[in-house]
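Here's the letter readout for the chains.
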Amino acid sequence: MLATLAWIMVGPVLGSHPMAPTCHGFGGIGASCSAAGPGDSGKRRGSSLGDKTLAVKVSVLGCFSKPCWLQNIRVGVDDSNSVASLAKVGVYLSDGTLVASSQARDVPTSLPDHQWLAFAFRGHDKELRTTSEQDYVWLVVNTENSVKLTYENADSGDEATRTVSELFAGAFVAVRIWDTEPGRRQWAGHFRNLRVQMDLGDVSILPGTLPLILESPHGGRITEGWPTRVTGVLDSDRNTDLFTEELWSELGARCGRTPVAVIFRVARKGIDANRATGSGTHTRGGELCADQSNSQCCCDLASASDEEVAMDLNDVYHSLLSSEVAGANGALLVPIHGTGRDRVELGVRLSASDLNQGAGLAPPSLADHDSDSSLRALGNATYMIWGTESFGSHLKNNRPSMEVIPSSKLLCPDPNLCSASSYTSIFNGGYNLKIHITNTQPGVQVEMPQVMRGFWSSPPAPEAAAVKQVGAALASFLNLHYQESCQTHVNFGLACGSHGQAVSGTCMCEDGYEGSSCGDCAEGYLLVTGQCMRLVVLGPPPGVTEKYGSAFATTSSGRPYLYTRKFSTDLTDCGTGCQPLDMSVRIRCDDNQCHSDLDSSSYTLGAALFDAAGHKMCNGTAARSAQAATDWWLQIPLASCPLLQNGNQDHVAVYLALWTSKLIKIRWEQEPALSARSRGLQYKTADYYQDPSAQSFEHLIDAVPPAQLPSWRDLSCESPSHCGTQDSCDCISGCTCRSWSGNFYGMMATLSMQPA
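Residues numbered from 1 in each chain as written. Predicted model: local features only at pLDDT ≥ 70, side-chain atom pairs only at ≥ 80, totals over all residues. Heavy atoms only, no water.

Within helix α5 (residues 352-359), six of the eight residues are buried, which leaves it mostly tucked inside the rest of the structure. Within α5, burial applies to Ala352, Asp354, Leu355, Asn356, Gly358 and Ala359. In this structure, the buried side of α5 is in contact with α6 (381-386). (Buried < 20%, exposed > 50% of the residue type's maximum accessible area, 1.4 Å probe, protein only. Helix = DSSP H or I, 4+ residues; strand = E, 2+ residues; numbered from the N terminus. Contact = heavy atoms within 4.5 Å.)

The following block contains the structure:
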């Protein structure tokens, strides 16, 4: 780790653009920042103030034309802190946009000294692009309880930490202009500034002490500002960056300490970091690129100035990787790559002809290639590459359905010699493996197929089972050759609950269950008395156009509103009948943090089910607390509903009804079928006085839910012009159907039923 810290302290940059991980914040930028500690001279002890967000302005240079990658944020915790609390952090741009927020973690207590509390940022979306080259960001901190943190005196209110009241659960809002926030952290007559730092750069180094170095040179995602190379492979090895991050964490859990991981964050189309530093023809040392591994250099670009910048970054990456390798005393180097082939290929610096030649001997042997093997530092090639304790063999055991070459089950790529091989060639390991392997430094390159990398996942994520399978294989390898005590069972750490079984690193769920621990109900199933039951669901057709609009509690005269939507029933999957369980409605917003028309009070939503004749079958309510989140399905349980049965004419259709005790915003289908248009069933004064006998007072909507829907529940919808001179009608006075701006709507609601 000494080499890593040295780079963070020096902070190599392009002009002002940070290439290596570079510290920003308390202490400045680069070396002075990295050398600063939370308890340095001038430290002032202060509270975080629970359920308040603290914001610190931090200068950032060079992250506009070439975005930077956000890596870590650190908050100074005072040694006097004795309060247990969760904390989380985030980053706002100078224009007030929230660009990243962390997972919550515990604040330490009983510290022997002041300590940085570090929040690591992982995942596919940590690119940070400021609004200008010389800019600033706001680092924000929120703690659930009031804990002791480290501050320093600020010269003025402008330099002081900003504060806003914000509940921990709801922090941080999507946009906040921190420059205009009036709150300042101050006490005893002084303005204060919280001690925080962050790391940015084009290369990430995840620290560790396990004798293993993971490397991901082709998984980068930053494209802005890096011109496309003229020659070479341009496609990134998708998700190998994320696979490396997850494998780093997995091995930390298995072994009690993590490996080192070095990850290149710029996309391969701009720089190929698995190549020698050079242009289209020569390396910086004057050698021909054609003589290098893969016959190419990193940076064949149309512009000579762009080539120089790209070569600078490639040098930084290789210097960082070399420093980690040199300081690790023979730790296993494992570059993580991707392949389009449907198998795992392990690069051990032996060619296809080498493997074929050895496999053709009786008995098979790689003795002729011991000196060429990338694992020669640990043993002879036959044992290390084909043995039952080889890395490939352990991986094959952990994923029996996957072809793994070379391993004890598949020695070579020639199908005439090794019939299980699907391809006649093999990747034998790239430039980075080649230049670092020696008689004392082992390594093996892993070429991951698309399925294991989660190639088609959205949002991007590696296959969780593959991370466990590779992690278990590396754990076995480390135990044997490095005398570690890692957990080697492929299912280590899996908790599949009572409805799943751990198999090959994943939970195989029973019918009706899904999720990483088989604790969620699968599509088409609903949780009923603790069990996921198969459902029949009535709802809007898929892919409809949605708008959001108001669901009112009462009319302008104070009469309660009831919204309905009619569905024709299909009960063919119900057997003897279907038991209605709940109604779900798509809520857009119910709090003033997401819409200014609303308030933040608690409220009640009610639902009822009516048959085709308009008779009430059952109803239920759900009490709610307002929340800042938007767009979710709210389930309202329906109690004691009778069965809906095929052949019953009153069950050929149903009406789903909704009422609310306060104004909320819900989702509506725009221009649904005529019968599915939602009615806003309030007391229709004119109709009642014209013919009181046709519609009795108690059959209308003065109480919810009514025992009987009005006889006019299916009358044709009036056009918006029925509302008089208004251009839109919000169904408050006179309109039968829910409409506005010339369109009719049907509420986004579903009915879930359980077959009897």
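The strand order across the open sheet built from seven strands is β19-β21-β20-β22-β25-β23-β24, with neighbouring strands paired in mixed fashion. Here the strands that pair on one side only, and so sit at the sheet edges, are β19 (203-206) and β24 (404-405). Note that strand β22 (residues 332-338) and strand β25 (residues 445-448) share three bridges and pair parallel. Bridged to histidine 337 within β25 is glutamate 447. Across the sheet, helix α4 (residues 304-326) touches β19, β20 (212-216), β21 (260-264) and β22, and the angle it forms with β21 is around 170°. (Pairing = 2+ DSSP bridges. Axes fitted to C-alpha atoms, helices over the stretch in contact; angles between N-to-C directions.)

Turning our eyes to something else, we now look at empty space enclosed by the protein. Taken as a whole and judged by the stated rule, the model has three cavities of 30 Å³ or more. When its volume is computed, the largest cavity comes out at roughly 50 Å³. Together, Leu346, Val348, Leu375, Met384, Ile385, Ser390, Phe391, Gly392, Pro406 and Val444 line the largest cavity. The residue makeup of the lining of the largest cavity, split by class, is eight nonpolar, two polar and no charged. Its boundaries defined by the atoms lining it, the second largest cavity holds a volume of some 40 Å³. Together, Leu70, Gln71, Asn72, Phe121, Arg122, Ser204, Ile205, Leu206 and Arg265 line the second largest cavity. The set of elements that each furnish at least two residues to the lining of the second largest cavity consists of β7 (68-77) and β19. Residue classes in the lining of the second largest cavity are distributed as four nonpolar, three polar and two charged. (1 Å grid on protein atoms, 1.4 Å probe; cavity = no way out; pocket = protein on both sides within 12 Å on 5 of 7 lines; lining within 4 Å. Points joined across faces, edges and corners; volume = space filled by probe spheres on them. Nonpolar A, V, L, I, M, F, W, Y, C, P; charged D, E, K, R; others polar.)

This next bit is on the state of the cysteines. The full count for this structure, using the stated rule, is 12 disulfides. The disulfide that involves cysteine 521 links it to cysteine 532, with 2.1 Å between the sulfurs. Here the disulfide of cysteine 521 and cysteine 532 is left-handed, its torsion about the S-S bond being about -85°. Note that cysteine 521 is positioned in strand β29 (residues 520-521) and cysteine 532 in strand β31 (residues 531-534), a separation of 11 residues in sequence. (Disulfide = S-S within 2.5 Å.)

Strand order across the open sheet formed by five strands is β37-β36-β39-β34-β41, with antiparallel pairing between neighbours. Each edge of the open sheet carries a strand with a single partner, namely β37 (616-624) and β41 (679-680). With seven bridges joining them, strand β36 (residues 603-611) and strand β39 (residues 653-660) adopt antiparallel strand pairing. Residue pairing across strands places aspartate 611 opposite valine 654, the latter belonging to β39.

A complete count under the given rule lists 32 salt bridges for this structure. The partner of lysine 43 in a salt bridge is aspartate 78, and the shortest N-O contact between them spans 2.8 Å. Residue lysine 43 is found in the loop between α2 (31-35) and β5 (44-47), and its partner aspartate 78 is found in the loop between β7 and β8 (86-93); the two are separated by 35 residues along the sequence. Taking the relative accessible area as the measure of exposure, lysine 43 reaches 17% and is therefore buried. Note that arginine 257 and glutamate 484 form a salt bridge whose closest N and O atoms lie 2.6 Å from each other. Of the two residues, arginine 257 sits in the loop between α3 (240-255) and β21 while glutamate 484 sits in the loop between α10 (464-482) and β26 (500-503), which places them 227 residues apart along the sequence. Residue class for arginine 257 comes out partly exposed when judged on its relative accessible area of 31%. Glutamate 484 sits in the buried class, given a relative accessible area of 14%. (Salt bridge = Lys/Arg side-chain N within 4 Å of Asp/Glu carboxyl O.)

The omega torsion across alanine 171 and phenylalanine 172 is 15°, close enough to zero to call that bond cis. Among the secondary structure elements, phenylalanine 172 is positioned in the loop between β15 (162-165) and β16 (186-187). Positioned with a positive phi, glutamine 483 is a non-glycine residue whose angle comes to about 55°. On the secondary structure map, glutamine 483 appears in the loop between α10 and β26. A relative accessible area of 62% places glutamine 483 in the exposed class.

Before going further, it helps to examine the packing of aromatic side chains. Applying the stated rule across the entire model yields 12 aromatic pairs. Centroid distance phenylalanine 455 to tryptophan 456: 5.4 Å. Interplanar angle 70°. Geometry classified as edge-to-face. By the ring-pair criterion, three or more aromatic residues cluster together here, those being Phe552, Tyr561, Tyr563, Trp668, Trp740 and Tyr745. The ring of tryptophan 248 has arginine 122 lying over it, and the distance from NZ or CZ to the ring centre is 5.3 Å. Stacked on the ring of phenylalanine 455, the Lys or Arg arginine 238 has its end atom at 3.9 Å from the ring centre. (Phe/Tyr/Trp six-rings, centres within 6.5 Å; stacked < 30°, edge-to-face > 60°. Lys NZ or Arg CZ within 6 Å of the ring centre and 35° of its normal.)

As a further point, take the pairing of β8. Burial runs high along β8: seven of the eight residues are buried. In this structure, β8 lies alongside strand β10 (residues 105-106), joined through two bridges in antiparallel fashion. In the strand pairing of β10, alanine 87 is matched with arginine 105. Pairing geometry for β8 and strand β13 (residues 134-143), over seven bridges, is antiparallel. Bridge pairing links tyrosine 92 to tryptophan 138 in β13. Note: β8 against strand β9 (residues 98-101), three bridges, orientation antiparallel. Residue pairing across strands places valine 91 opposite alanine 100, the latter belonging to β9.

The sites that carry the UniProt feature "domain: Laminin EGF-like" (unreviewed entry) are, in the present numbering, residues 507-532. The distance separating the terminal C-alpha atoms of residues 507-532 is 17 Å; by composition the span is 0% helix and 50% strand. (UniProt positions renumbered as here; feature names shortened; annotations may be inferred.)

Before going further, it helps to examine the side chain of arginine 275. Among the secondary structure elements, arginine 275 is positioned in the loop between β21 and α4. Residue arginine 275 is classed as buried on the basis of its relative accessible area of 5%.

Let us now look at the layout of surface pockets. The volume enclosed by the largest pocket comes to roughly 700 Å³. As for the largest pocket, its lining consists of 26 residues, and the residues nearest its centre are Val537, Leu538, Gly539, Thr750 and Ser752. Elements represented by at least two residues in the lining of the largest pocket include exactly β30 (525-528), β32 (536-538), β34 (563-568), β38 (632-637) and β44 (749-755). Here the lining of the largest pocket takes four residues from β34, the largest share from any one element. Of the residues in the lining of the largest pocket, the class split is 14 nonpolar, eight polar and four charged.

The next subject is the packing of α3 against α10. Their axes nearest at 9 Å, the elements α3 and α10 cross at an angle of 50°. By the angle between their axes, α3 is oblique relative to α10. The interaxial crossing formed by α3 with α10 has right-handed handedness. The residues of α10 that touch α3, namely those facing Phe243, Glu246, Leu247, Glu250, Leu251 and Arg254, are Ala466, Val467, Lys468, Val470, Gly471, Ala472, Leu474 and Ala475. Partitioned by chemical class, the residues of the contact of α3 with α10 number nine nonpolar, one polar and four charged. (Parallel < 35°, antiparallel > 145°, perpendicular 65-115°, else oblique. Left-handed = near helix turned anticlockwise from the far one by under 90°.)

The next thing to look at is the nonpolar core. Counting residues in hydrophobic clusters, the biggest one holds 51 residues, and the most contacted among them are Val334, Phe391, Val470 and Leu474. Here the element with the most residues in this core is α10; it accounts for nine residues. When neighbours within four sequence positions are excluded, leucine 474 is seen to be in contact with Leu212, Leu214, Leu247, Leu251, Leu332, Val334 and Phe391. Counting 38 residues, the second-largest nonpolar core is a separate cluster that includes Leu538, Trp632, Leu644 and Leu656. (Core = buried A, V, L, I, M, F, W, Y, C linked by side-chain atoms within 4.5 Å.)

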